[in-house]
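Fold and geometry: a report
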Amino acid sequence: MLIYEPPKAALTVPVIDLTPMLDGDDASQRSTAWDVHRACRDTGFFYIVNHGVPADLIERHFDWARRLFDLPLDRKMAIHMKKSPSTAGYEPVGGQVLDSQDDKAEAAPPDLKESFYCGMDLPDDHPWAAKRIRSFGHNQWPVELPGFREHMVEYWQAMHTLGDRLLAVLALSLDLPSDWFESAYSMPSGTVRLIKYPPQPADARFNQIGAGAHTDWGGVTILAQDSVGGLEVRNAASEWIEAPPIAGSFVINLGDLMARWTNGIYNSNMHRVKNNSSGRDRYSAPFFYSPRPDAVIEPVPGSVTDAHPSKFETCTANDHMVEMFRRSYGYAPKEAAL
Ligand SMILES: O=C(O)CCC(=O)C(=O)O
Ligand SMILES: [Fe+2]
């Protein structure tokens, strides 16, 4: 368990304008890629603006999140994530211990958040849904909220498009062709998550906060946060700093698989959430964009040298994600073989 200490207020998470990736020339794309390179080596976090996702889609996303979490608890429990073979659905408060990466350390208290997951919306008999892997089908929708499913599918698609744009700039930032990640992201694992954090309660347990310190497990995370604040990130000097809300932005951070892919040159950094506001719930909406489950994660060309030998064992994307899920939720979904 990592003991909570208050963060510094320095804004060192850079803001990167994605305009060149939408309609820029080669030189402006390379310059953006270089900004991304520096951010990924340093904190592994950056904000993006001018990303091409309409503001009203993001606004509607938060409206649906509020409507979902406002449902009575028994209605939300009716779609508990344990009922889905792909773990899609509702996670009640206390359902996850995000500060669980080091499974030999003293156990941390559970997170003070509730959440909802949905993955790629597939029919149950689709070959990937039949494998019962996280993020592929078996979504559970709240019957009380007509239109919720259609919205989530629309948001999923928008994140998929933006995710591909980010992978292109990440590839360029590593001196690779812009389509380098494409084959690993055919039939990708994409998960929309909605999260609600109540204000930090006075009677919380020792070191208990909204989301305990953790790294993300997959490829790239695209996070929309509301105006409340509370996201904190560990910087290159291992100090905690705030990543405050910036209107119209997404926070981008790299997950463990991207760190493995780059042999640790890029950082999948620790972050955590504490809602210090008085009386305001905080809502956030990450999209986890990860390679296809059977993608073998080996260091990209140029990332292993004599001076920088290979740091990680080769694994499949799914091996790592399942293990991290098990550590934080205390169970592993029963999957078919890949
Ligand atoms: O709510 C946030 O700002 C971050 C959430 C997060 O880190 C996660 O879901 O992995
Ligand atoms: Fe996270």
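Section: the overall build of the protein
Summing up its helical and strand segments, the protein has eight helices and 14 strands in all. Here the protein has a C-alpha radius of gyration of 19 Å; the compact-globule value for 338 residues is 20 Å, and the two agree. For the protein, the spread of C-alpha atoms along the principal axes amounts to about 55 × 50 × 45 Å. Buried positions account for 56% of the 338 residues belonging to the protein. For the protein, contacts bridging at least 24 residues in sequence account for 79% of all contacts bridging at least 6. Entry remark: accessible area of the protein is about 14300 Å², with carbon and sulfur atoms responsible for 52%. Of note, the protein has its 32 positive side-chain charges centred 5 Å away from the centre of its 44 negative side-chain charges.

So, the coordination of the iron ion (ligand 2)
Four donors placed tetrahedrally around a metal ideally meet at 109.5 degrees, and six donors placed octahedrally ideally meet at 90 or 180 degrees. His214 (NE2), Asp216 (OD) and His271 (NE2) make up the full set of protein donors to the iron ion (ligand 2), lying at 2.1 Å. With relative accessibility at 6%, the residue Asp216 sits in the buried group. Among the residues examined, His271 registers a relative accessible area of 7% and is labelled buried.

Overview of the sheet that holds strand β11 (residues 271-273)
An order of β6-β11-β8-β9 is seen for the four strands of this open sheet, with the pairing classed as antiparallel. In this open sheet, the two edge strands, each paired with only one partner strand, are β6 (211-214) and β9 (240-242). Neighbour-to-neighbour, the strand axes of the sheet open up by a mean angle of 20°, direction not taken into account. In this sheet, β9 lies alongside strand β8 (residues 231-234) in antiparallel orientation, the contact comprising three bridges. Directly across from Val233, in β9, lies its bridge partner Ile241.

Some thoughts on the pattern of salt bridges
Following the criterion strictly, the structure yields 18 salt bridges and no others. The closest approach of N and O atoms between Arg292 and Asp294, which form a salt bridge, is 2.7 Å. The exposure class of Asp294 is partly exposed, given its relative accessible area of 33%. In the salt-bridge network here, residues are joined through shared partners; they are Asp103, Lys104, Glu323, Arg326 and Arg327.

Some words on the site of ligand 1
Residues in contact with ligand 1 amount to 13 residues; listed here are only the nearest, Arg193, Tyr197, His271, Arg282 and Ser284. Measuring from an oxygen atom of ligand 1, one finds a side-chain N or O atom of His271 at 3.0 Å. Starting from 300 Å² of accessible surface for ligand 1 in isolation, the protein chains cover 97%. Counting only elements with at least two residues in the shell around ligand 1, the list comes to β5 (189-197), β11 and β12 (282-290).

A few points about the environment of Asn263
Positionally, Asn263 belongs in the loop between α7 (256-261) and β11. For Asn263, a relative accessible area of 1% gives the class buried. Spatially, the C-alpha atoms of Asn263 and Ser84 are 34 Å apart, while their sequence positions differ by 179 residues. When neighbours within four sequence positions are excluded, Asn263 is seen to be in contact with Pro299, Ser303, Val304, His308, Pro309, Ser310, Lys311 and Phe312.

Examining the nonpolar core
Residues Leu166, Leu170 and Phe250 are the most contacted members of the largest nonpolar core, which totals 91 residues. The element contributing the most residues to this core is helix α6 (residues 148-173), with 13 residues. Filtering out sequence-adjacent residues up to four positions away, Leu166 remains in contact with Leu18, Phe46, Ile48, Val220, Ile222 and Ile252.

Reading the values: the criteria
- Residues numbered from 1 in each chain as written.
- Chains lettered and ligands numbered in written order.
- Predicted model: local features only at pLDDT ≥ 70, side-chain atom pairs only at ≥ 80, totals over all residues.
- Heavy atoms only, no water.
- Helix = DSSP H or I, 4+ residues; strand = E, 2+ residues; numbered from the N terminus.
- Rg over C-alpha atoms; globule rule 2.2 N^0.38 Å.
- Buried < 20%, exposed > 50% of the residue type's maximum accessible area, 1.4 Å probe, protein only.
- Contact = heavy atoms within 4.5 Å.
- Areas by Shrake-Rupley, 256 points an atom, 1.4 Å probe, with all protein chains shown as cover.
- Lys, Arg positive; Asp, Glu negative; His and termini not counted.
- Charge placed at Lys NZ, Arg CZ, Asp CG, Glu CD.
- Donors = N, O, S within 2.8 Å, 3.2 Å for Na, K, Ca; no water.
- Pairing = 2+ DSSP bridges.
- Axes fitted to C-alpha atoms, helices over the stretch in contact; angles between N-to-C directions.
- Salt bridge = Lys/Arg side-chain N within 4 Å of Asp/Glu carboxyl O.
- Near = heavy atom within 4 Å.
- Polar contact = N/O pair within 3.5 Å; in protein donor to acceptor, adjacent residues only side chain to side chain.
- Core = buried A, V, L, I, M, F, W, Y, C linked by side-chain atoms within 4.5 Å.

Honestly, it's all geometry; don't read function into it.
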